[in-house]
Amino acid sequence: MSKIKLDQRFSPYQMPSVIIGTTIDDKPNFMLCTWASRVNRTPPIWMVSINRKHLTMNGIRDNGIFSMNFPSADLVEMTDYVGITSGRDADKSSVFKVFYGETKAPMIEECVLNMELEVEEIIERPDHFIILGRSVNTYADQQIMTDNKPDIRKMNQIVYTGAEGQPSYWVVGEKIGDAFSLGKKFK
Ligand SMILES: Cc1cc2nc3c(=O)[nH]c(=O)nc-3n(C[C@H](O)[C@H](O)[C@H](O)COP(=O)(O)O)c2cc1C
């Protein structure tokens, strides 16, 4: 077998495309974040990693709340837009239709899944801050449900791969098996 060494920063991860919603000067602001993951099951705690220079950080620090919004493929252009345009340079408050739940975190009506979260902790790293947020409420569009459960096929989420030099958006492919099950035959 021959292996070659890659650039140490190479990442093979497929990441979710999540639009973070915050409030800045009483207006909604949205930014794309792909460094996002669940880190605790009960209670549900999520982490998003946000560059310390982004305007979004001000909203998170000032209000202690934020939203995570999961766009479908049809929103890919606007998703990219809020990833390449800072609220410091353009007003992004009316890019999407906004709704509010229990907290004052702005959520995006066009996104099929939304969460409002309260900040639990901010971990500072050299260029990014890791925000740990506890999900207060999760909302799903009725049309993505099958048998009362969110259906991955209907969600048609935007997947991101950031392999250096070829950042790209994808959609989820075919299901190839049932997890926690396929390996049982080898037990
Ligand atoms: C594909 C893509 C993925 C991104 N992922 C992140 C991320 O995980 N964390 C981050 O801090 N910025 C990320 N960004 C950059 C921000 O979305 C971007 O700088 C945005 O303009 C910040 O907006 P704000 O200044 O209004 O907060 C990403 C941008 C793109 C295009």
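Just so we're clear, the structure is a prediction, and the values are computed from it rather than from any experiment.

### Overview of the sheet that holds strand S9 (residues 113-124)
Turning to step 1, where the next piece is worked out: A sheet is described by the order of its strands in space; here seven strands give the open sequence S3-S2-S6-S9-S10-S5-S4, paired in antiparallel fashion. The two strands at the open ends of the sheet, each matched to only one other strand, are strand S3 (27-33) and strand S4 (36-40). Taking the axes of each pair of neighbouring strands and ignoring which way they run, one obtains an average angle of 35° across the sheet.
Turning to step 2, where the next piece is worked out: Together, strand S2 (18-24), S3, strand S5 (45-51), strand S6 (65-70), S9 and strand S10 (128-140) form the strand contacts of helix H1 (residues 55-63), whose direction differs from that of S2 by roughly 60°.
Turning to step 3, where the next piece is worked out: Contacting S2 and S3, helix H2 (residues 76-84) runs over the sheet at an angle of about 100° to S3.

### Points about the site of the ligand
Turning to step 1, where the next piece is worked out: Of all residues adjacent to the ligand, which total 21 residues, the nearest are Trp-35, Thr-56, Gly-83, Ser-86 and Gly-87.
Turning to step 2, where the next piece is worked out: Contributions of two or more residues to the shell around the ligand are made by S3, S5, H1 and H2.
Turning to step 3, where the next piece is worked out: Considering every element that reaches the shell around the ligand, the biggest residue donor is S3, with four residues.
Turning to step 4, where the next piece is worked out: Considering only residue class, the shell around the ligand consists of nine nonpolar, ten polar and two charged.

### Some points on the pairing of S2
Turning to step 1, where the next piece is worked out: For S2, the buried fraction is high: six of the seven residues fall into the buried class.
Turning to step 2, where the next piece is worked out: The antiparallel pairing of S2 with S3 creates a hairpin that spans two residues between the two strands, and Asp-25 there sits at a positive phi of about 50°.
Turning to step 3, where the next piece is worked out: Judged from the three bridges that link them, S2 and S6 form a sheet pairing that is antiparallel. Within S6, the residue paired with Ile-19 across the bridge is Asn-69.

### A closer look at the environment of Gly-183
Turning to step 1, where the next piece is worked out: Examined against the element boundaries, Gly-183 turns out to sit in the segment after strand S14 (168-171).
Turning to step 2, where the next piece is worked out: Here Gly-183 falls in the exposed class, since 9 other C-beta atoms lie within 10 Å of it.

### Topic: the sheet that holds S14
Turning to step 1, where the next piece is worked out: With respect to topology, three strands assemble into an open sheet ordered S1-S13-S14, the strand pairing being antiparallel. Bordering the open sheet on either side are strand S1 (14-16) and S14, each of which pairs with just one other strand. When the angles between neighbouring strand axes are averaged without regard to direction, this sheet yields 40°.
Turning to step 2, where the next piece is worked out: Direction of pairing for strand S13 (residues 158-161) relative to S14: antiparallel, over a ladder of four bridges. By the bridge assignment, Thr-161 is partnered in S14 with Ser-168.

### A word on the nonpolar core
Burial of nonpolar side chains together is a common tendency in soluble globular proteins.
Turning to step 1, where the next piece is worked out: Membership of the largest hydrophobic core comes to 27 residues, with the highest contact counts inside it found for Val-18, Ile-19, Ile-20, Phe-30, Cys-33, Val-48 and Leu-117.
Turning to step 2, where the next piece is worked out: Going through the elements one at a time, S2, S3, S5, S6, strand S8 (107-108) and S9 are the ones with two or more residues in this core.
Turning to step 3, where the next piece is worked out: Those residues within four positions of Phe-30 in sequence are excluded, and the remaining contacts are Ile-19, Ile-20, Gly-21, Val-82, Lys-92, Val-95, Phe-96 and Ile-108.

### With respect to H1
Since the α-helix packs 3.6 residues into each turn, any two residues three or four apart lie on the same face.
Turning to step 1, where the next piece is worked out: Inspection of H1 places Thr-56, Gly-59 and Ile-60 among the buried residues, and these make up the whole buried set. Along the long axis of H1, the arc covered by the buried residues comes to 95°, so they all point the same way.
Turning to step 2, where the next piece is worked out: As for H1, its buried residues are in contact with S2, S3, S5, S6, S9 and S10.
Turning to step 3, where the next piece is worked out: Directly beyond the C-terminal end of H1, a positive phi value near 70° is found at Gly-64.

Conventions used here
Residues numbered from 1 in each chain as written. Predicted model: local features only at pLDDT ≥ 70, side-chain atom pairs only at ≥ 80, totals over all residues. Pairing = 2+ DSSP bridges. Helix = DSSP H or I, 4+ residues; strand = E, 2+ residues; numbered from the N terminus. Axes fitted to C-alpha atoms, helices over the stretch in contact; angles between N-to-C directions. Contact = placed C-beta atoms within 7 Å. Near = placed C-beta within 6 Å. Nonpolar A, V, L, I, M, F, W, Y, C, P; charged D, E, K, R; others polar. Buried ≥ 20, exposed ≤ 12 C-beta atoms within 10 Å, placed from the backbone. Core = buried A, V, L, I, M, F, W, Y, C linked by C-beta atoms within 7 Å. Arc of directions from axis to C-beta.

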